[in-house]
Amino acid sequence: MAQYETILLKNMEQPGYSGSLEDYERAGGYQALRKVLKDMQPDQVIEEVKKSSLRGRGGAGFPTGVKWGFIPKDHPGPKYLCCNADESEPGTFKDRQLMERDPHQMLEGMAITCFAIGAETSYVYIRGEFRLGAKILEKAVQEAKAAGYLGENVLGTGRTINIFVHAGAGAYICGEETALLESLEGKRGQPRFKPPFPATHGLYQKPTVVNNVETMANIPHIMNKGGEWFAGIGSPPKSCGTRIFCLSGHVNRPGNYEVPMGMPFREFIYDVGGGMRSDKPLKAFIPGGASAPFLTPEHLDVKMDFEAVAMAGSMLGSGGVTVMEEGTSMVWAALRLMEFFYHESCGKCTPCREGSSWLTQILQRIWNKQGRQGDLDLLDELCKNIAGRTICAFGEAEVGPIQSTLKYFRHEYEELIREAEATRPQSKEIPVFTH
Amino acid sequence: MPTPSTTTETVTLTIDGQTATVPKGTLVIEAARQVGVMVPHFCYHPKLTPDANCRMCLVEIEKMPRLQTSCSTQATEGMVVKSSSSVQAQEARKMVLDFILANHPLDCPVCDQGGRCDLQDFSHEYTATSSRFQELKRVFPKEYFSPLIETQMNRCVQCMRCVRYCDQIMDVKALAPTGRGTLTEIKAFGAHELDCEFCGGCVQICPVGAITSRLSMYEFRPWMLKRTDSVCGYCGDGCQITFQTKDNALIEINSTQGSGRNNGDLCARGYFGYHVSEHPDRLTLPLIRKGDEFQSVQWEEALELVGQQLLDVKAKYGADAIGGLISGRCTNEDIYVFQKFMRGVVGTNRIDSSARYGHLNGVHALQRVQGTHRWSVSFEDIESADTLLLVGTNITETNPITGLKVKEAVKRRGAKLITIEALNPAIGSISNIVNLAQQHLGVKPTGFSTAILGLLKAVVEQSILDAELQGKAPAYFNAISARLQALSWDAIFAQTGLASDLFTEAAQVFGQGKKVVVLVGPGVLRSEGGFGMTMNLMDLLLITGKLTNPGCGLAPLAEENNDQGAFEMGGTGAVLPGGTSLGDPAVRENLSKAWGRPIPDTPGSSLPQLIEDAQQGKLKALFVVGENPLASLPPSSGIHSALEKLDFLVCQELFLTETAQKAHVVLPACSYAEKDGTFTNTEGHIQSVRTAIDMVGESRPDWEIFSALSVMMNNPMEYGDVKEIGKEIRNLLPGTRTLGPAPLPAQPDSSAIARYVTTDYQRDIAPRYQLPVNDAATDEITLQVSQSLFHSGKFSRKAKGLLQVEATGKIYLHPEEAARRGISDGDMVKVSNSLGEVLTPVGLRERIPQGVATFPEHFDEEIRQLLPYKVDPETQVPYYKLARVHLKKVVGS
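## Side note on the overall build of chain B
Thinking step 1. Scanning chain B from N- to C-terminus turns up 31 helices and 36 strands.
Thinking step 2. Here the C-alpha atoms of chain B give a radius of gyration of 29 Å, agreeing with the 29 Å that 2.2 N^0.38 yields for 893 residues.
Thinking step 3. Counting only C-alpha atoms, chain B reaches 85 × 70 × 65 Å along its principal axes.
Thinking step 4. A buried classification covers 62% of the 893 residues belonging to chain B.
Thinking step 5. Of the contacts formed within chain B by residues at least 6 apart in sequence, a portion of 73% connects residues at least 24 apart.
Thinking step 6. A total accessible area of about 31,900 Å² is found for chain B, and carbon and sulfur atoms account for 50% of it.
Thinking step 7. Charge centroids of chain B, computed over 86 positive and 100 negative side chains, lie 2 Å from each other.

## A look at unusual backbone geometry
All names here are of chain A.
Thinking step 1. Backbone torsion omega between Lys194 and Pro195 reads -5°, so that peptide bond is classified as cis.
Thinking step 2. The topology assignment puts Pro195 in the loop between helix H9 (177-184) and strand E4 (208-212).
Thinking step 3. With omega at 0°, the peptide bond leading from Pro195 into Pro196 counts as cis.
Thinking step 4. With respect to the helices and strands, the residue Pro196 is situated in the loop between H9 and E4.

## Let's talk about the sheet that holds strand E10 (residues 320-325) of chain A
Residues and elements named next belong to chain A.
Thinking step 1. Taken together, the four strands give an open sheet; going across it, the order is E8-E7-E10-E9, and neighbouring strands pair in mixed fashion. Each having just a single partner strand, strand E8 (255-260) and strand E9 (282-286) make up the two edges of the open sheet. This sheet shows a mean twist of 30° between the axes of neighbouring strands, independent of strand direction.
Thinking step 2. Bridging between strand E7 (residues 242-249) and E8 involves six bridges; their strand directions are antiparallel. Bridge pairing in E8 places Cys246 opposite Asn256.

## Describing the pairing of strand E25 (residues 648-653) of chain B
All names here are of chain B.
Thinking step 1. Of all six residues in E25, six are buried; the element is thus mostly enclosed.
Thinking step 2. On E25, burial covers both faces: Phe648, Val650 and Gln652 on one face and Leu649, Cys651 and Glu653 on the other are all buried.
Thinking step 3. One ladder, built from five bridges, connects strand E24 (residues 621-625) with E25; its direction is parallel. Note that in E25 the partner of Leu622 across the bridge is Leu649.
Thinking step 4. When E25 meets strand E26 (residues 665-668), the two strands line up parallel, connected through four bridges. Along E26, the bridge assignment pairs Cys651 with Val666.

## Describing the domain arrangement of chain A
Residue and element names in this part refer to chain A.
Thinking step 1. You can read the domains of chain A as domain 1 (10-231), domain 2 (241-325) and domain 3 (330-422).
Thinking step 2. Each of domain 1 and domain 2 was reduced to a C-alpha centroid, and the two centroids are 27 Å apart.
Thinking step 3. Tallying the contact residues gives 17 residues for domain 1 and 20 residues for domain 2.
Thinking step 4. In this assembly, domain 1 packs against domain 2 so that about 1,500 Å² is buried in total across both faces, 50% of it on carbon and sulfur atoms.
Thinking step 5. It is Arg55, Arg57 and Phe93 in domain 1 that bury the most area against domain 2; as a group they hold 31% of the surface buried on that side.
Thinking step 6. At the boundary of domain 1 with domain 2, the tally comes to one salt bridge.
Thinking step 7. A salt bridge links Glu307 to Arg55; the nearest nitrogen and oxygen atoms lie 3.1 Å apart.
Thinking step 8. The interface formed by domain 1 and domain 2 holds 11 residue pairs in polar contact (both at pLDDT 80 or more) in total.
Thinking step 9. The element contributing the most residues to the side of domain 1 that touches domain 2 is helix H6 (residues 94-101), with three residues.
Thinking step 10. Along the lines of polarity and charge, the residues of the side of domain 1 that touches domain 2 split into five nonpolar, seven polar and five charged.

## Concerning the nonpolar core
Thinking step 1. Counting residues in hydrophobic clusters, the biggest one holds 135 residues, and the most contacted among them are B:Phe341, B:Leu388, B:Leu389, B:Val406 and B:Tyr476.
Thinking step 2. Counting the residues that make up this core, at least three belong to each of domain 2 (287-349 + 604-719) and domain 3 (381-557) of chain B.

## Regarding the packing of helix H7 (residues 103-117) of chain A against helix H8 (residues 131-146) of chain A
Residues and elements named next belong to chain A.
Thinking step 1. Put simply, H7 and H8 touch, their axes get as near as 10 Å, and they point 60° apart. Taken together, H7 and H8 sit at an angle that is classed as oblique. The two elements H7 and H8 cross, and the hand of that crossing is right-handed. Touching Pro103, His104, Met106 and Leu107 of H7 are Ile136, Leu137, Ala140, Val141, Glu143 and Ala144, all from H8.

## Some details on empty space enclosed by the protein
All names here are of chain B.
Thinking step 1. Going through the model one piece at a time under the given rule, you end up with 12 cavities of 30 Å³ or more.
Thinking step 2. In this structure, the largest cavity spans a volume of roughly 360 Å³.
Thinking step 3. Taken together, 32 residues form the lining of the largest cavity, with Asn394, Gln784, Ser786, Gln787 and Thr854 sitting closest to its centre.
Thinking step 4. Counting only elements with at least two residues in the lining of the largest cavity, the list comes to helix H11 (395-398), helix H18 (522-525), strand E29 (781-786) and strand E33 (852-856).
Thinking step 5. With four residues, E33 is the largest single contributor of residues to the lining of the largest cavity.
Thinking step 6. Taken together, the residues of the lining of the largest cavity sort by class into 12 nonpolar, 11 polar and nine charged.
Thinking step 7. Structurally, the lining of the largest cavity is a two-domain feature, drawing no fewer than three residues from each of domain 3 (381-557) and domain 4 (781-889).

## Describing the pattern of salt bridges
Residues and elements named next belong to chain B.
Thinking step 1. All chains considered together, the criterion is met by 85 salt bridges over all chains.
Thinking step 2. Between Asp265 and Lys47 there is a salt bridge, with its nearest N and O atoms 3.2 Å apart. Residue Asp265 is found in the loop between strand E12 (249-254) and helix H6 (268-272), and its partner Lys47 is found in the loop between helix H1 (28-34) and strand E3 (58-61); the two are separated by 218 residues along the sequence.
Thinking step 3. Salt bridges sharing common partners tie together Arg368, Asp539, Asp760, Arg763, Asp764, Arg768 and Glu874.

## Structural notes on the sheet that holds strand E2 (residues 18-23) of chain B
Residues and elements named next belong to chain B.
Thinking step 1. Spatially, E2-E1-E5-E3-E4 is the arrangement adopted by the five strands of the open sheet, whose pairing is mixed. Every other strand in the sheet has two partners, leaving E2 and strand E4 (68-69) as the edge strands with one partner each.
Thinking step 2. Taken together, the two bridges between E3 and strand E5 (residues 80-82) define a ladder with antiparallel strand orientation. Within the sheet, the bridge partner assigned to Ile61 lies in E5 and is Val81.
Thinking step 3. Lying over the sheet, helix H2 (residues 87-103) contacts E3 and E5, oriented at roughly 165° with respect to E3.

## A few points about the environment of A:Glu354
Thinking step 1. Within the fold, A:Glu354 resides in helix H15 (residues 350-367).
Thinking step 2. Judged by relative accessible area, which is 2%, A:Glu354 ranks as buried.
Thinking step 3. Separated by 109 residues in the primary sequence, A:Glu354 and A:Phe245 have C-alpha atoms spaced 33 Å apart.
Thinking step 4. With residues near it in sequence (within four places) discarded, A:Glu354 still touches B:Phe99, B:Ile100, B:Ala102, B:Asn103, B:Gln158 and B:Thr182.

How each quantity is defined
- Throughout this description, residue numbers start from 1 for each chain and increase along the sequence as written.
- By the order in which they are written, chains take letters starting at A while ligands take numbers starting at 1.
- For a predicted model such as this one, the threshold for reporting local features is a pLDDT of at least 70, and the threshold for listing and counting side-chain atom pairs is 80 or more; totals across whole chains, interfaces and linings nevertheless cover every residue.
- Hydrogens and waters are ignored; side-chain quantities use all the structure's heavy atoms.
- Secondary structure counts use DSSP, requiring at least four H or I residues in a row for a helix and at least two E residues in a row for a strand, with both numbered from the N terminus.
- Throughout, radius of gyration means the C-alpha value; the globule benchmark is 2.2 Å times the number of residues raised to the power 0.38.
- Burial here depends on accessible area, computed with a 1.4 Å probe over protein chains only, as a share of the maximum for the residue type. Under 20% is buried, over 50% is exposed, and the range in between is partly exposed.
- Between two residues, a contact is recorded if the distance between any of their heavy atoms is within 4.5 Å.
- To measure how exposed things are, a 1.4 Å probe is used in the Shrake-Rupley method; for residues, cover is taken only from the protein chains shown.
- Counted as positive: Lys and Arg. Counted as negative: Asp and Glu, with His and the chain ends omitted from the count.
- For this purpose, a charge sits on NZ of Lys, CZ of Arg, CG of Asp or CD of Glu.
- DSSP bridges decide pairing: two strands pair if at least two such bridges lie between them.
- The angle between two axes is taken between their N-to-C directions and runs from 0 to 180 degrees, where each axis is a line fitted to C-alpha atoms and a helix contributes only its stretch in contact.
- Where each domain starts and ends comes from a domain assignment, either automatic or drawn from a database.
- When two parts are put together, the accessible area they lose, computed with a 1.4 Å probe and summed over both, is reported as buried area.
- Salt bridges are defined as contacts in which a side-chain nitrogen from Lys or Arg sits within 4 Å of a carboxyl oxygen from Asp or Glu.
- N or O atoms closer than or at 3.5 Å make up a polar contact, with two conditions inside protein: a donor-capable atom paired with an acceptor-capable one, and, for residues adjacent in sequence, both atoms drawn from side chains.
- The classification used treats Ala, Val, Leu, Ile, Met, Phe, Trp, Tyr, Cys and Pro as nonpolar, Asp, Glu, Lys and Arg as charged, and all other residues, Gly among them, as polar.
- Here the nonpolar core consists of buried residues drawn from Ala, Val, Leu, Ile, Met, Phe, Trp, Tyr and Cys, with membership extended through side-chain atoms lying within 4.5 Å.
- Note on terminology: angles under 35 degrees are roughly parallel, angles over 145 are roughly antiparallel, angles of 65 to 115 are roughly perpendicular, and the others are oblique.
- Rotating anticlockwise by less than a right angle from the far helix to the near helix defines a left-handed crossing, while the corresponding clockwise rotation defines a right-handed one.
- Buried and open spaces are told apart on a 1 Å grid over the protein atoms alone, a cavity being a set of points where a 1.4 Å probe fits but cannot get out and a pocket being an open set with protein on both sides within 12 Å along at least five of seven lines. Residues with an atom within 4 Å of a point are the lining residues.
- Grid points are joined across faces, edges and corners, and a volume is the space filled by probe spheres set on the points.

Following this line, the structure appears as structure tokens:
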């Protein structure tokens, strides 16, 4: 396997690296924060991040510097930074490692971000199940505070930067940025309609930046080595830097791998991930978390950058690459994902709430060989009327697996329905309705 | 926000080919409505902030990539919107309905909403007759929700209107969605049955049949109902209500969004309290006392007897041996004809009304200082005020809909709220206005007077004074500041427990206000020194230069629906119709000319005076209309012996009340649901009351009975119908037309103000600016007999719906106060003082301050024997709501 120079995982790859403040400082940690506070103006920090072309690592890939730039400069009263650590996308497990193994890297990034956008208070909204991560982060915050990197007088500059760790309560939707804000405010975790956007009306209706853990972890490195350095890595001009891709499924070496963006999936799955676990060939893969539509072997040469994957009809999303070998039922795979989305639909918007239950029940029927003629047309139509008709992107996400499997593997559905039709008793009697 | 910004800037857009010009900030769905394009929707409601969750109102907007929800999109210049003309939008709506119907049970035949259901209507408009959904519907198990409100969650479309209404409008937050996705259901907030204000707002706002009223369950189909628009007969807020009747039976009450002073919002009394008129105990025939028994008689016999008796008493003892008392629940027309009957036919000015119980304190203060007997502000001014001061209102329970105006101002429009209330900021099952206060001065019910003086002192110390008026009337300012300087902060602290900086902060907030409304409630108006306190609040507005500014003023809250009308119609002895003085010969002469009968020049008298005179044998006969002084006043007032001494007591009533049981003749009157007329609400807005059901039994409208009596007494005042009375009143008093939707409030009269600040203030400034004597012993507790949200006087105890929520009296204490005394929830306690002792159960409420106990006045049969009685020297208002008592747990309870 070829070796790639890592940025985010570099510290933890060192033997004996514990993630403590001492270790982090020894590895050059908090130098970026010192430099920023000493030598730079907030605008210069934002400019540097814009130069780096860093894009959000949570899923949507919005340019980070541009997002920061939307925060009104002259706003009186508080502004907030929220670090989205509600990593819940099936097949995605990178943020967890970043938080558990090198928490200060992301905290330093958050402190720099707070300086850049003028926030004094920031929150880490961490997935409720990440008990360990929350504990580690909490400890790291205390360490950083004691060392003067956080708190009321950061590094003697008189500037206040506080970070609070807040655990979620187990809802996938709270990873959606506005649902996260609602939840953080103590309300029911459901997305808000936009506009207004969090940049002007975020947490407690104040200007707010919401950034992913991995995005935050990149910031100290960009500050240390410059935006141009970062922009030169990966697949410039639009997908720069490295990314931690989470490889799972029927491969030999599942795990987190930090590679430069733009690497073809083939290289990632076969070289980095050691290829398929058995002699069965690859049948399909999810390129960017459960919300991303399936791709097939013909897409193996697609580059792992935002544009290329979008061109191929899916999205790079959260970076969770799930590989399925020949023999896997795509109907079952779609059903499995649909059940997840049904369970997690928050219920706010009608099409997603009702549609997720409807789609799940149809898929269950088809899988249980009780499919009917016309089911596939109905699936098509339901999907079309869910995607784009909801407040948040969950609508698009939940229909992705169905639409893509219908596109590439329609015959598998048809086969199950044919079987059902063939075995169905051809009774002329009026069916009795029972529950 | 549904309310567009106040700028006059407009935008022009096209909707389905029609051009609409609307204020900037208007939502597309509202702009469409203005040009007659109805965009279907479930979750949108003009009262609520948009939530955009139902996705029914999707429209196509040119240059926007996908369909937009018109409820959350603001109209912009040149926007081109396609609603029904967009195939894409129409298809999307069809599909949204398909989605909703997937889990909707289609139990329309047994659903009370059937016939007025948005889902039904849109389904007819948009969808095919069969659903493509052939899977299993989710089914929620049936759960008991509350005694008055029923839920059927299978029908819910998860639009969250009810939850948002309960939070945004009512500030109660009793409802919450639980569960996720299709398993989302609306539940009471907490693991218990619904315990809330029972305003019925969730029932009214539900677009489907998910939340319905248990009082009318399965009794009707909407198309069977006859609508009668009228006005609520409980408190002074004067809410528009629509009686929905079927076969002459009251089925339910609604209120229409956009109409009435309440804009469609109601409270428990208005929404669930409508069964009074149909109570089986209603009197149906006149009654005449024969020994200890009553005998039913025909009208002729009863009227003849009453007429003859009144004539006899007049002949024997003179007209002033006859007194009259009328309820502020009667219509303006009833009250007007009553006082005309008493003055013009009987020949006495000795009449009074329930406005005497406290509302007069407010009206007299307004009249004395600003020369108006009405508010100089309206509900709209409360909503648009930037600073509000509430003193002794307990507004949620006394005047809940005026309370909503305060909530609107504070919650939605950012007004600053200062409260001087005998309430703790605490979350409870009903909303608590002091939770919204920026400056809360919490006092005991005996502390209002001192707290008002404290605020005045802080205003003077901070020099938040109107320099212009000070230049014109230096003596007035000097007199006030000299007296305030003589009060020490230590003494104020000793009586209120509030330090001077709290008053200073509140004074600063008050001083910064440009549009300031001061609301005064029963805590002030019905407590000892009520008139003085109200006057001091007028002083506060005057010296800070607010009183004459537009949008500013004092707003005393009326407890009964027509307290204000009772005053304006001449229902209080010394005041003639129009609030004019009986003592003015010119006024008397004009009126007697108009009436064609002389008006006696003898003085009018108040209820306390009538009681005193009856006890001394000077008053021989009393005509009581709709009032029940035996149940309203405590024994310490002497009302029992007063009534005993009368030669003749006639009661005109709906029910055989405590007072009516002592009467010689009882005349059956009909209720507000059975007659036409007008009520004047607390802000001076006159509104029409209309007949919803037939008169019960032989009962008659009050005015008709007075008219018939005048005929019996050979001095006929004949009216063909109530409109003739209305016409007579309007000709006499030009200001009493039923006004449009937004009346202009009265303007303060500068000559009255000038008179007040130059000489008139001197009359009573000394007693008003003194701290009350504080005789608190440590183990005593202040008992306040007060209004409950769920009742109105004793009248509402005949409403079966309200009795489901509150049917008995309890003494309520703060949990810590109770714990300190070893008392727990539900214990029996002995409440005692020098006047007597009473056993009552205990309830706990965090909103009640420590050192205070409250008891609902509606159930005070026993506890009122502990209440001392005092009469205001200036306004003759009787004070009897507060007592100092000892509490002792009854062992073994």
